[in-house]
Amino acid sequence: MPELPEVETIVRGLGPLVRGRRIEGVWWSGQGLHLGRKIDLRGLRALAVGRAIAGVRRRGKYILVDVDPGGQGGEAGAGIIIHLGMTGRLRVQPKAALRLPHTHVVLALAGGDELRFVDARRFGWVTPGRPMAEDAALAALGPDPLTELDAEALATALAAARTPIKAFLLDQRRIAGLGNIYVAEALFRVGAHPTTPARRLARRANELLAAVRAVLESGIARRGTTLRDYVDVDGERGDNAAALSVYGREGEPCVRCGAPIRRRIDSGRATFFCPRCQRR
Ligand SMILES: [Zn+2]
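Thresholds applied
- Residues numbered from 1 in each chain as written.
- Predicted model: local features only at pLDDT ≥ 70, side-chain atom pairs only at ≥ 80, totals over all residues.
- Heavy atoms only, no water.
- Core = buried A, V, L, I, M, F, W, Y, C linked by side-chain atoms within 4.5 Å.
- Buried < 20%, exposed > 50% of the residue type's maximum accessible area, 1.4 Å probe, protein only.
- Helix = DSSP H or I, 4+ residues; strand = E, 2+ residues; numbered from the N terminus.
- Contact = heavy atoms within 4.5 Å.
- Pairing = 2+ DSSP bridges.
- Axes fitted to C-alpha atoms, helices over the stretch in contact; angles between N-to-C directions.
- Patch = residues over 30% accessible without salt bridge, like charges linked within 9 Å, V, L, I, M, F, W, Y side chains within 5 Å.
- Areas by Shrake-Rupley, 256 points an atom, 1.4 Å probe, with all protein chains shown as cover.
- Salt bridge = Lys/Arg side-chain N within 4 Å of Asp/Glu carboxyl O.
- Lys, Arg positive; Asp, Glu negative; His and termini not counted.
- Charge placed at Lys NZ, Arg CZ, Asp CG, Glu CD.
- Donors = N, O, S within 2.8 Å, 3.2 Å for Na, K, Ca; no water.
- Polar contact = N/O pair within 3.5 Å; in protein donor to acceptor, adjacent residues only side chain to side chain.
- Arc of directions from axis to C-beta.

## Description of the nonpolar core
Logical step 1: Counting residues in each nonpolar core, the largest one holds 42 residues, and the members touching the most others are L154, L158, I165, F168, L169 and L208.
Logical step 2: For this core, the secondary structure elements donating two or more residues are α4 (151–160), α5 (165–170), α6 (180–190), α7 (205–221) and β10 (269–273).
Logical step 3: Residues in contact with L154, not counting those within four places in the same chain, are L149, F168, I175, A205, L208 and L209.
Logical step 4: Residues L14, L47, A78 and V92 belong to the second largest nonpolar core, which totals 33 residues.

Encoded structure:
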């Protein structure tokens, strides 16, 4: 599943391809996406058709396509909200190019290209935001770990938490953008076992935040982690998998101490850690 670095890589690649281009139409496959829900095609068309794309941003794991509010009927802060789910991909391709299987939403752009949302497993989501800031999912997101979260606020939240540190870091209402891969890597960096009560890390909030930022920045610098599905807007895989210390490395020697990396399942999700470097 794409996490913050993968979404950031996509946003950086997509911006220059679509900025300033007018949306001429919106198409939907008719198939339900996230939780089988229907796309609000009418809402997307009302919001976007005839307007230019002002820019592309990221909020947590969401991609926000800003629509230029200029002219009659324009709405400030309006745009298209995209979540990639498990297998969502975005591509900008000429209208004449064959659409990939599992193409579910298409924005026709002035000049003949299409911005295509492709999603084999259909856990992704595309929805109009009028304005985007009032979308329930976006409004519920916590601060961005790279740009908004500070160590003091993190320390306060950790001290009051009643959950294990892994669950704390995965909770999008507390911190937006982290997932299984980068949480595993950040916990390895600070030497914390994933089941350690979050409050026990309150005094190390500075160090934890630095570790979170370091693993995210590493991911962005290597254009994301591709284990199976993730590709950027050019269809290229990310290089960060080779830089991971614990995630996906069950049985391999720890880069720090040589002990075999372990994998356990917590609430249906795999957790990777070094049994020697990350004690409870
Ligand atoms: Zn180790």
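## Observations concerning the sheet that holds strand β1 (residues 23–28)
Logical step 1: Spatially, four strands are ordered β1-β6-β7-β5 in an open sheet, and the strand pairing comes out antiparallel. Taken across any chain shown, the strands that pair with only one partner, and hence form the sheet edges, are β1 and β5 (88–94). This sheet shows a mean twist of 15° between the axes of neighbouring strands, independent of strand direction.
Logical step 2: Direction of pairing for strand β6 (residues 103–109) relative to strand β7 (residues 113–119): antiparallel, over a ladder of five bridges. For V106, the partnering residue across the bridge sits in β7 and is R116.
Logical step 3: Sitting on the sheet, helix α1 (residues 4–18) touches β5, β6 and β7, and the angle it makes with β5 is about 25°.

## Examining the sheet that holds strand β8 (residues 125–129)
Logical step 1: Reading across from one edge, β2-β3-β4-β8 is the order of the four strands in this open sheet, with antiparallel pairing throughout. Of all strands in the sheet, those bounded by a partner on one side alone are β2 (53–59) and β8. Taking the axes of each pair of neighbouring strands and ignoring which way they run, one obtains an average angle of 20° across the sheet.
Logical step 2: In the sheet, strand β3 (residues 62–67) pairs with strand β4 (residues 79–83) via five bridges, with the strands oriented antiparallel. Bridge pairing in β4 places V65 opposite I80.

## Examining a positive patch on the surface
Logical step 1: The grouping of R162, R199, R200 and R280 at the surface amounts to a positive patch.
Logical step 2: Topologically, R199 is positioned in the loop between α6 and α7.

## Quick look at the coordination of the zinc ion
Logical step 1: Within the protein, C254 (SG), C257 (SG), C274 (SG) and C277 (SG) serve as the donor atoms for the zinc ion, at 2.2 to 2.4 Å.
Logical step 2: For C254, a relative accessible area of 5% corresponds to the buried category.

## Remarks on the side chain of E3
Logical step 1: Mapped onto the fold, E3 is located in the segment before α1.
Logical step 2: At 6.0 Å, K61 is the nearest oppositely charged side chain to E3, a buried residue that forms no salt bridge.
Logical step 3: Reaching out from E3, the side chain makes a polar contact with the backbone nitrogen of N180 at a distance of 3.2 Å.

## Things to note about the pattern of salt bridges
Logical step 1: Under the criterion given, the structure shown has 17 salt bridges.
Logical step 2: One network of salt bridges, in which partners are shared, links E8, R12, R58 and D144.

## Some words on α6
Note that an α-helix has 3.6 residues per turn; residues three or four places apart therefore point the same way.
Logical step 1: Of all the 11 residues making up α6, 10 are buried; the element is thus mostly covered by neighbouring parts of the structure.
Logical step 2: With its phi angle positive at about 70°, G191 sits one or two positions after the end of α6.

## Structural notes on α4
Logical step 1: Those residues of α4 lying buried are A151, L154 and L158. Taken end-on, α4 shows its buried residues confined to a sector of 60°, consistent with a single buried face. Exposed residues on α4 whose side chains face more than 90 degrees from its buried face are E152, T156 and A160.
Logical step 2: Those residues of α4 that are buried lie in contact with α5 and α7.
Logical step 3: Put simply, D150 is the residue that caps the front of α4, since its side-chain oxygen is 3.1 Å from the backbone nitrogen of E152.

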